[in-house]
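Remarks on the overall topology
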Amino acid sequence: MTPTRLMFLALAILGTVLPMRYFLAWFRENGFSIMGMVDVWHANSATSGLVWDLTIAALALTIWVLIETVRDRNWWGLAAIPATFCIGVSCGLPLYLALRR
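Treat the numbers as computed from the prediction; the structure is a model and nothing was measured.

Across all of its chains, the model carries three salt bridges by this definition. Arg71 is the partner of Glu68 in a salt bridge, and the nearest nitrogen-oxygen pair spans 3.7 Å. Here Glu68 and its partner Arg71 are both found in helix α3 (residues 45-72), three residues apart, which amounts to about one turn of the helix. Here Glu68 ties to Arg100 by a salt bridge, and the two come within 3.0 Å at their closest N and O atoms. Here the residue Glu68 occupies a position in helix α3, and Arg100 occupies one in the segment after α5 (89-99), the gap between them amounting to 32 residues. By relative accessible area, which is 8% here, Glu68 ends up buried.

Written out as structure tokens, the structure is:
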């Protein structure tokens with residue numbers, strides 16, 4: 001594996017661990033309520049703006065992954081889509097870059 005791919009893989013791991021620390025802490029304190037978490041994400045204009053920013057980035061990444069996957073037949077790249085929506089763009093984007101040919 002090239003140093004560049006290792007760097008992107010390390011960023012994908014950080015992009016998993018760091019956000020999940022906070023998500024899991026929130027679930028421990030408030031119970032497993034996805035809608036409760038979504039409500040908190042829209043607590044004020046700043047957090048709502050961040051949610052929309054990340055949602056649009058996640059959609060753009062998904063479209064990019066799908067287009068390149070169909071074109072290049074690199075099926076491993078599809079792993080970035082669930083990583084993006086289950087963990088976040090901070091995991092999905094570097095994961096996809098690590099998996100690209």
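Before going further, it helps to spend a moment on the layout of surface pockets. Empty space among the atoms can be located by rolling a probe the size of a water molecule over them. Within this model, the largest pocket holds a volume of roughly 610 Å³. Looking at the largest pocket, it is lined by 21 residues, and the ones nearest its centre are Phe23, Trp41, Leu54, Ile87 and Gly88. Of all the secondary-structure elements, those providing two or more residues to the lining of the largest pocket are α1 (3-30), α2 (34-41), α3, α4 (80-86) and α5. Among the elements that take part in the lining of the largest pocket, α3 stands out by supplying six residues, more than any other.

Moving on to the nonpolar core. Core analysis: the biggest nonpolar cluster contains five residues, these being Leu61, Val65, Ala80, Ile81 and Tyr96. What Ala80 contacts, discounting residues up to four positions off in sequence, is Val65, Gly92, Leu95 and Tyr96.

Another point: the side chain of Asn74. One can find Asn74 in the loop between α3 and α4. For Asn74, a relative accessible area of 9% corresponds to the buried category. Not counting residues within four places of it along the chain, the set of residues in contact with Asn74 comprises Thr69, Leu99, Arg100 and Arg101.

Moving on: unusual backbone geometry. Located in the positive-phi region is Arg73, a residue other than glycine, with phi close to 60°. Looking at where Arg73 falls in the secondary structure, it is placed in the loop between α3 and α4.

A word on the packing of aromatic side chains. The tally for this structure, following the rule as stated, stands at four aromatic pairs. With 5.7 Å between their ring centres and 75° between their planes, Trp26 and Phe27 make a pair best called edge-to-face. Each member of the pair Trp26 and Phe27 is classed as buried. Ring centres of Trp64 and Tyr96 lie 5.2 Å apart, and the angle between their planes is 70°; this geometry places the pair in the edge-to-face category. Here Tyr96 lies in helix α5 and Trp64 lies in helix α3, a separation of 32 residues in the sequence. Within the aromatic cluster, the residues linked to one another by ring pairs are Trp26, Phe27 and Phe32.

Calculation criteria
- Each chain carries its own residue numbering, running from 1 in the direction its sequence is written.
- Local features in this predicted model are restricted to residues whose pLDDT is 70 or higher, and side-chain atom pairs enter the listing and the counts only when it is 80 or higher, whereas totals over whole chains, interfaces and linings include all residues.
- Each side-chain value is worked out from all heavy atoms of the structure, with water and hydrogens disregarded.
- In the sections that follow, a salt bridge refers to a side-chain nitrogen of Lys or Arg positioned within 4 Å of a carboxyl oxygen of Asp or Glu.
- Secondary structure elements are defined from DSSP: runs of H or I of at least 4 residues count as helices, runs of E of at least 2 residues count as strands, and each element is numbered from the N terminus.
- Burial here depends on accessible area, computed with a 1.4 Å probe over protein chains only, as a share of the maximum for the residue type. Under 20% is buried, over 50% is exposed, and the range in between is partly exposed.
- Buried and open spaces are told apart on a 1 Å grid over the protein atoms alone, a cavity being a set of points where a 1.4 Å probe fits but cannot get out and a pocket being an open set with protein on both sides within 12 Å along at least five of seven lines. Residues with an atom within 4 Å of a point are the lining residues.
- Grid points are joined across faces, edges and corners, and a volume is the space filled by probe spheres set on the points.
- Working definition of a nonpolar core: buried Ala, Val, Leu, Ile, Met, Phe, Trp, Tyr and Cys residues. They are joined through side-chain atoms within 4.5 Å.
- In what follows, residue pairs with any heavy atoms lying within 4.5 Å of each other are defined as contacts.
- Here is the rule: rings of Phe, Tyr and Trp (six-membered ring for Trp) pair when centre to centre is within 6.5 Å. Planes less than 30 degrees apart are stacked, more than 60 are edge-to-face, and the remainder are tilted.

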